[in-house]
Amino acid sequence: GYIYLMTADNEIEIKEAFQRAQKGHNNKAKLVASLNSRYNKLEDKTLFHEEFVHYLKYAMIVYKREPTVENVMEFVARFATSFQPPPKTEDDGARPEAEKEEEEEEEDDAEDDHPFLSFLFNFLLESHKASSHAVRFRVCQLINKLLGSMAENAQIDDDLFDLIHQAMLVRATDKFPNVRIQAALAMTRLQQPKDPDCPTINAYMLILENDTNAEVRRAVLSCIAMSPRTLPKVLKRTRDIKENVRKLAYQVLAEKVHIKALTIAQRVVLLQQGLHDTSEAVREVVCSRLLPAWMLRLDGNFTELLHRLDVENCAQTALDTLQAIFRGTPTEELLQNRAQLDNRKLVPVDSLSCENVLYWRALCEFIKGKGDDGDEMLEQVLPDAATYADYLYGYLKAVPLLSEEQRADFNQLELVMTKEFISQQLIRLIGCLDTNEEGSRKRVLAVLQEMLALPQTPSSLVSLLTEKLLTLLPDDHRRIQTVAEIISDVRDPIMEASKPVDQNMSRRQQVQLAEVKVRILEAKQTLEDCIAAQDFSRAGELKDSIAELENHRNQILQEVTESSQPSDKEIRAEKSDPETLLRCLIMCAELLKQMSIKTRIGPTISALMSSLVLPSIANAHPAVRNMAVVCLGTCTLHSKELAKTHMVLLLQIAQLDEVKIRISALRAVIDLLLLFGFQLLSESAATQTASQSQSPERQEEDAPAAEDRGDAAEDTAQSILVMLSELLDSEVSDLRSEAAEGLAKLMYTGRISSAKMLSRLVLLWYNPVTEDDTRLRHCLGVFFQLYARESRVHQEVVEEGFLPTVRTLMNAPATSPLAEVDINNVVELLVELTRPSALIKPSCVCLQEVCVHDYLAVRMCGEMLQDPTAPEVRLYAKTLSNLELSRGETVRKDLQTLLQQLVQVTRALVCTGQRKVGTAKGGRKPSRRAESSESDGENVPESLAVVRPSRRAKIAALEKTKLDLNTLINQEANVS
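All figures in this text were calculated on a predicted structure; none of them were measured in a lab.

(A) Representation of the overall build of the protein. Counting secondary structure elements, the protein contains 49 helices and 0 strands. Buried positions account for 47% of the 976 residues belonging to the protein. In the protein, of all internal contacts separated by at least 6 residues, the share reaching a separation of at least 24 is 72%. Carbon together with sulfur atoms contributes 52% to the accessible area of the protein, which is approximately 50300 Å² in total.

Written out as structure tokens, the structure is:
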């Protein structure tokens, strides 16, 4: 043995140092200093090295993060780096020259690594491949601590650097996540961001993309150096599956990345996703870290921030961003930031820009959202309604209407688009005005009506203007009247006269004329109803009043003629150019949308339907046709009679027109089926049959025709399902998504119950073709969960679709995209969906009664018995063990019988080696019978017969490839 002599009080034995280092409260600096002075006095250091490592090994075999072991690691790292010269500090100037010179000499010696540090590194590098994961973990942890404890300007020998580097790159792919984390942290100081091929950064980027452990990804995120190469990878982590990785990614971006280093698209996407993240914590980090960091770099200037986003194309994201910042800003500060408002509390027209108008709107909406508390503040940032209405009118009138040639000039077009964007924001601000006072409300209404009637108002503003107009009107009757009058004005304008006309006078006459026209239409409609109801006395009165109204109309026309003296033809000219029709249809659609669903379709809307909507469905202009279909679809929701009449028309459009229009028609059909159900079809079939027969008396005799009607309805229902089914195969992703969403809604609400359709939707969800179709994937992903958990009946539908789905995938030809789908995954999903415990309201009796998984088990056993050599048998056998079976006695017996049969069949196959013969001939018929008798009355899906041939072909092909194997197996069997 080697005995150390204590040369002074301040020196300490290695063993004792290690023992004392384990206690957290011990002063590590003192321990380090005393061991250090001991080390420096030794002539031969090797024994010290050996003994030090001997004690270190005790700590290195512990994988668990025990506090004592962590303390030892901390001590070792501090001791090893205590030989380095301390970093130079600011107050060097105050020290005597002699000391400085001495130190510089020492530093020159220390340029080469200290022998102890080199020794420790070498020991660690030798141990990094140890079979014990604890040792590998501690090696990486120590290297990380050593490199981290070294001074900022510390230098390290090139060869040693390379060795450490290589070792850590290997450990970064260790199978234990904790080892990978420490290795990743250890490489932090080995990064060289300026080197385009730095191996550390390459390894980091690989880990961020591919490491399955979230904590490892987080470790790399926390230490990766930012550069144009690494930024995209860090941005991608904001969409990580784990919330704490996403959270850290946003923190890293806030701390290390300047807003100018990101492109506009990147900024917008970050805010869009961050502010709507499913996790509260992530949203919080975006609001409390990322946005303040950006605002700080832009000196708190909101308009600057909006300049950095593309507000015209992502207004909603910009609004959400502003609202998030406002929430964290004291109210007084918000009111100081209204610098661009003049003394009328308006933004001067010539300084309106996309950014400041959006900021103004966001501020007003935020304050308005505070309720009564915000009323006084709102008065400081918004004028009274009448002043604002005039300001808006002035701006909207100045938006120029471009001709076709001017539209071709991009600069002019861009200018007008900017003005339209500003107009939209100004119109939306109407929602913040105080319109309780009658006078100001009338002024705002007058301006909106005026703008809607003006031919130069851009059509992109029509629906917004109409929406705001309707919110200011209290009841549906007034809304219908007002919109009908504006539409009448737009379609039959009174032509300009050759001599100057008194504008107010002409406007009044126009309004009177529109009112009279609407009343005539209403009266005529009522007259038709009276004649139909054979109420002739009332009809007589109506005829007189119509005559009076027509006289009144002619009188007004006469006055107009006298005041302006145009030719008679000019006055009556009805405009039917696409632009005008589109404006009228947009107003009509907005009206129908805002009306209460309970409001019946009155004469005014019937008149609009017959004079405007139905003729436009055949218009040559696609935009007009589309809007007409939207109007028709919305209108039919208000009246079952109309729905019956127009259902067939909507179905035809859904199959024949352009994609956009087909989608509008498809939505209308789905909405009607959701609201009225499929019985709507039988009733519409009935009305059509009735209208074909000659007279009302005959209808009673034609009782047998009722059956045909039922068949007709069946056919229509069938044809709708066939149409939806065909659309699921459409090349056009929008149509496919719309049909899938429609089917999902119909199934969820119980209007359809079809295992076949469910199977189609599952296959569509898994089909690689729909990979980029986020809307479809999201919709179906939510639907399956909601649908199956809703009720036992729904689970039975899923169970019924189980075998057809598996068969389709099994029989998919190699060329089909379905051949790539992982069947195990699909089966797992279907098993999870049918789990009895997954129901929202699991029935407590379920333990006794037969549950869906029992039926599934019986079906799978039946399938396996039918063809024990089929490739899917393995899959079924594996799935059987994942089922949640009920405790019922009968079920248990049935399953036992089936399983015994299976075991016998399998044994027989293995023993005789008759696999080939068995499958080709005898094994099929009796098993089918056995399956049906054992299946507890469960009907086997009819699709069996259809699918069989291809399945047989597949088995035959498999047999061909198996032939050689069989001979071997037979030999084995004979030997045994």
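(B) Broad picture of the pattern of salt bridges. Overall, the coordinates contain 39 salt bridges when judged by the stated rule. The shortest N-O distance in the salt bridge between R289 and E255 comes to 2.5 Å. Here E255 lies in helix 13 (residues 243-256) and R289 lies in helix 15 (residues 280-297), a separation of 34 residues in the sequence. In this structure R289 comes out as partly exposed when scored by relative accessible area, which is 33%. For E255, a relative accessible area of 49% translates into the label partly exposed. Across the pair R792 and E796 runs a salt bridge whose closest N-O atoms are separated by 2.9 Å. Here E796 and R792 lie together in helix 41 (residues 792-800), a separation of 4 residues that amounts to about one turn. Judged by its relative accessible area of 30%, E796 is partly exposed. Linked through salt bridges whose partners overlap, the residues forming this network are R667, E738, E741, K745 and R775.

(C) Region of interest: helix 30 (residues 578-594). Look at helix 30: 24 Å from first C-alpha to last across 17 residues, which is about the 24 Å you get at 1.5 Å a residue. Of all 17 residues that make up helix 30, 13 are buried, and the element is covered over most of its length.

(D) A nonpolar patch on the surface, seen in detail. Residues Y748, V782 and L786 make up a contiguous nonpolar surface patch of about 240 Å² in total accessible area. If you trace the backbone, Y748 turns up in helix 38 (residues 733-748). Y748 sits in the partly exposed class, given a relative accessible area of 33%.

(E) Local environment of a negative patch on the surface. A contiguous patch of negative charge on the surface is contributed by D372, D373, D375, E376, E379, D384, D434 and E437. Topologically, D372 is positioned in the loop between helix 19 (354-368) and helix 20 (375-381).

(F) Broad picture of unusual backbone geometry. With a phi angle near 55°, D299 is a residue other than glycine that sits in the positive phi range. For D299, a relative accessible area of 72% translates into the label exposed. You will see that Q534, though not glycine, has its phi angle at about 60°, which is positive. Relative to the helices and strands, Q534 resides in the loop between helix 27 (503-532) and helix 28 (536-564). In this structure Q534 comes out as exposed when scored by relative accessible area, which is 59%.

(G) Quick look at the packing of aromatic side chains. Applying the stated criterion across every chain yields a total of 30 aromatic pairs. Judged by centre distance (5.9 Å) and plane angle (55°), the ring pair of F83 and F116 falls under tilted. Of this pair, F83 sits in the loop between helix 4 (67-80) and helix 5 (97-110) while F116 is found in helix 6 (residues 115-127), placing the two residues 33 residues apart along the sequence. For the pair F83 and F116, one class covers both residues: buried. Chaining the aromatic ring pairs together yields one cluster made of F18, Y39, F48, F52, Y55, Y58, F75, F79, F83, F116 and F119. Lying over the aromatic face of Y39, K45 brings its terminal NZ or CZ to 4.6 Å of the ring centre.

(H) The nonpolar core, seen in detail. I143, W360, Y388 and L426 are the most contacted members of the largest nonpolar core, which has 273 residues in total. Apart from residues lying up to four places away in sequence, W360 is in contact with L341, K345, L346, V347, V381, L382, Y388, Y391, L426 and L429. Counting 14 residues, the second-largest nonpolar core is a separate cluster that includes I494, V516, C530 and L557.

(I) Structural view of the confidence of the model for the protein. With 84% of its residues at a pLDDT of 70 or more, the protein shows a mean pLDDT of 83. Here residues 957-976 scores under 50 on pLDDT; set against residues more than four positions off or in separate chains, the count is 11 contacts.

(J) Broad picture of the packing of helix 1 (residues 14-21) against helix 3 (residues 46-60). Following both chains from N to C, one finds helix 1 and helix 3 inclined at 30°, their axes separated by 10 Å at the closest point. Classified by the interaxial angle, the pair formed by helix 1 and helix 3 is roughly parallel. At the point where helix 1 passes helix 3, the crossing takes the right-handed sense. In contact with I14, K15 and F18 of helix 1, helix 3 contributes F48, E51, F52, Y55 and L56. Along the lines of polarity and charge, the residues of the contact of helix 1 with helix 3 split into 6 nonpolar, no polar and 2 charged.

So, how was this worked out
- Residues numbered from 1 in each chain as written.
- Predicted model: local features only at pLDDT ≥ 70, side-chain atom pairs only at ≥ 80, totals over all residues.
- Heavy atoms only, no water.
- Helix = DSSP H or I, 4+ residues; strand = E, 2+ residues; numbered from the N terminus.
- Buried < 20%, exposed > 50% of the residue type's maximum accessible area, 1.4 Å probe, protein only.
- Contact = heavy atoms within 4.5 Å.
- Areas by Shrake-Rupley, 256 points an atom, 1.4 Å probe, with all protein chains shown as cover.
- Salt bridge = Lys/Arg side-chain N within 4 Å of Asp/Glu carboxyl O.
- Expected span 1.5 Å × (residues − 1).
- Patch = residues over 30% accessible without salt bridge, like charges linked within 9 Å, V, L, I, M, F, W, Y side chains within 5 Å.
- Lys, Arg positive; Asp, Glu negative; His and termini not counted.
- Charge placed at Lys NZ, Arg CZ, Asp CG, Glu CD.
- Phe/Tyr/Trp six-rings, centres within 6.5 Å; stacked < 30°, edge-to-face > 60°.
- Lys NZ or Arg CZ within 6 Å of the ring centre and 35° of its normal.
- Core = buried A, V, L, I, M, F, W, Y, C linked by side-chain atoms within 4.5 Å.
- pLDDT = per-residue confidence, 0-100.
- Axes fitted to C-alpha atoms, helices over the stretch in contact; angles between N-to-C directions.
- Parallel < 35°, antiparallel > 145°, perpendicular 65-115°, else oblique.
- Left-handed = near helix turned anticlockwise from the far one by under 90°.
- Nonpolar A, V, L, I, M, F, W, Y, C, P; charged D, E, K, R; others polar.

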